[in-house]
Each structure stands twice: as C-alpha cells, then as structure tokens.
Amino acid sequence: PRRAWRLPTSRPGRWCFWMVEALVWLGTLVFAVTGALKGVEKGFDLLGVLVLATVTAVGGGSIRDVLVGTLPPTTLRNEPLLWSVALAGLLVFRFHPRVQALGPLIYYLDTLGLGLFAALGAERGVEAGLGPFGVALAGALSGVGGGVLRDVLSGEVPVILYRAGDLYASAALLGAWVVYLAYPLGPGPALFLGAGTTVALRLFGRRLGLRLPTPRG
C-alpha cells in the first residue's frame, strides 16, 4: 500500500505512455545487441549468442518484477518483444562487423536504456510500496541486472563491480532515488527526471573521468 503522506499523483497521459513504450522497446533491443556482441566476442555459437542477447535484454526487468511480486515477469509475457530480441541477436550474429562499427551509437543508446529501465524499475518499486532503499535497489537491478547476468554467463566478473571512469550502477541508483523523490509530481515527470539523471550522470561522468573510490594498498 502507498504511504499516506504522499501527495496525490495523476497518471501519465496517453502520449507519455506510448513514448515510454517506444523507449522500452528501443532500450530492450539495444541491450539485446550488447549481449549478442559479447557472445560474438567470446566466440559463442548461435545458441550462445541468442541466450546472451535474451538474458541481457530481459534479465534486469525480470529480476525487478520478481522483487515487486509481479509474476510471471511482464517481459516474459510480451511475445512480440521476445521475438524481436531473438531477431536482434540473429542480425548481430550475421552482421557483427557492421554492428561493432556502430560502437559510439550503441553506447549512447545503451545509456538511454539504462536510464529508462532504472526509472521504470524505481516506478514499479514505488507502486509496490517500497521505501527509498528498496526503490533504488529495484531501479538499479532493472537497469544493470541483465548486464550482470551476461557477464556471469560469459565467464567474466560483472563490469559494474570495477568499472572505472564510467558511472553505471551508481548512476542507475541515483536516478532511481530521483524517481522516488519526484513521484509526488506524478509518474510521468518522475520517470523523465529519473531517467535524465541517470543518463546525465553516465555521460558527464565519463567525460569528466569520474569514478568511485577504490581501496588503497
């Protein structure tokens, strides 16, 4: 249940719904592309590439849905989206040299996807009645969970644990908190403010070389 002290909110308009839905599709497919590229880089066969593409694309959202009690996860019930993810994996498998040449574009689209999924995960957490820590966790896992699963399946330490000069999970966490704080303004403004915070932190953090502290030794 929602907390009594929260300000009343209005549901986002239809235009906002369709805009968010389009961005969800875009972000999911970009995540699928990054997962498939990792499989190609590791020399996986077609099935392995498709598995990494799918896990990267829908893993974070599925973890989020499990956390807030939405079962089965919404992404696993979206057949058109799942088939589109598989198609993206197939295209990367076939045309990976051309896709790899789009590295800068993929980075920016991946950043947009991170911000959007972190914000949507936080919104689900707020609606489920979670507090600020729970909302931040739901948002961050929604944004980075698929990438963590991708790295584990490909035999690597998840990059979010040591990524230097590129705020990723920390940007998702802060964006999710912004959603929590801005939610009294309404779901639409909160989503865009949260997603914008994550995107800005990652882009400017990389440009400025910002990084989290590491142990001295």
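To be clear, the structure that these remarks concern was listed above.
Just so we're clear, the structure is a prediction, and the values are computed from it rather than from any experiment.

(A) Region of interest: the overall build of the protein. Scanning the protein from N- to C-terminus turns up 7 helices and 0 strands. Compactness check: the protein gives a C-alpha radius of gyration of 17 Å against a globular reference of 17 Å for 217 residues, within 12% of the reference. Within the protein, the proportion of its 217 residues that are buried is 46%. For the protein, the share of sequence-separated contacts (at least 6 apart) that also reach a separation of at least 24 residues comes to 78%.

(B) Geometry of the nonpolar core. Within the largest apolar cluster, 18 residues are counted, with the highest numbers of intra-cluster contacts made by Val24, Leu120 and Val179. Broken down by element, this core gets its largest block of residues, 6 residues, from helix α4 (residues 103-127). Those residues in contact with Val179, other than ones at most four positions away along the chain, are Ala119, Ala122, Glu123, Ala190 and Gly194. Formed by 15 residues, the second largest nonpolar core is a distinct cluster that contains Ala36, Val40, Ala88 and Val99.

(C) The arrangement of empty space enclosed by the protein in detail. Counted under the stated rule, the structure contains 1 cavity of 30 Å³ or more. Partitioned by chemical class, the residues of the lining of the largest cavity number 4 nonpolar, 8 polar and no charged.

(D) Just the environment of Ala171, in detail. On the secondary structure map, Ala171 appears in helix α6 (residues 169-182). Here Ala171 falls in the buried class, since its relative accessible area comes to 1%. Along the chain, Ala171 and Leu203 lie 32 residues apart, while their C-alpha atoms are 9.8 Å from each other. Setting aside its immediate chain neighbours within four residues, Ala171 contacts Thr198, Leu201 and Arg202.

(E) Spotlight on the packing of aromatic side chains. Across all of its chains, the model carries 2 aromatic pairs by this definition. Plain terms: the ring middles of Phe31 and Phe117 are 5.3 Å apart, the flat faces sit at 35° to each other, and that makes the pair tilted. Taken together, the residues span a long stretch of sequence, with Phe31 in helix α1 (residues 14-41) and Phe117 in helix α4 at a distance of 86 residues. In this structure, Arg206 is placed above the aromatic ring of Tyr107, and the distance from its NZ or CZ to the ring centre is 4.1 Å.

(F) Just the pattern of salt bridges, in detail. Tallied over the full model, the rule gives 7 salt bridges. The shortest N-O distance in the salt bridge between Asp110 and Arg202 comes to 2.9 Å. Within this pair, whereas Asp110 is found in helix α4, its partner Arg202 is found in helix α7 (residues 187-208), the two being separated by 92 residues in sequence. Its relative accessible area of 9% is what places Asp110 among the buried residues. Residues joined by salt bridges that share partners form a network here, namely Lys38, Glu41, Lys42 and Glu156.

Rules used throughout
Residues numbered from 1 in each chain as written. Predicted model: local features only at pLDDT ≥ 70, side-chain atom pairs only at ≥ 80, totals over all residues. Heavy atoms only, no water. Helix = DSSP H or I, 4+ residues; strand = E, 2+ residues; numbered from the N terminus. Rg over C-alpha atoms; globule rule 2.2 N^0.38 Å. Buried < 20%, exposed > 50% of the residue type's maximum accessible area, 1.4 Å probe, protein only. Contact = heavy atoms within 4.5 Å. Core = buried A, V, L, I, M, F, W, Y, C linked by side-chain atoms within 4.5 Å. 1 Å grid on protein atoms, 1.4 Å probe; cavity = no way out; pocket = protein on both sides within 12 Å on 5 of 7 lines; lining within 4 Å. Points joined across faces, edges and corners; volume = space filled by probe spheres on them. Nonpolar A, V, L, I, M, F, W, Y, C, P; charged D, E, K, R; others polar. Phe/Tyr/Trp six-rings, centres within 6.5 Å; stacked < 30°, edge-to-face > 60°. Lys NZ or Arg CZ within 6 Å of the ring centre and 35° of its normal. Salt bridge = Lys/Arg side-chain N within 4 Å of Asp/Glu carboxyl O.

Don't take any of this as a statement about function, it's just geometry.
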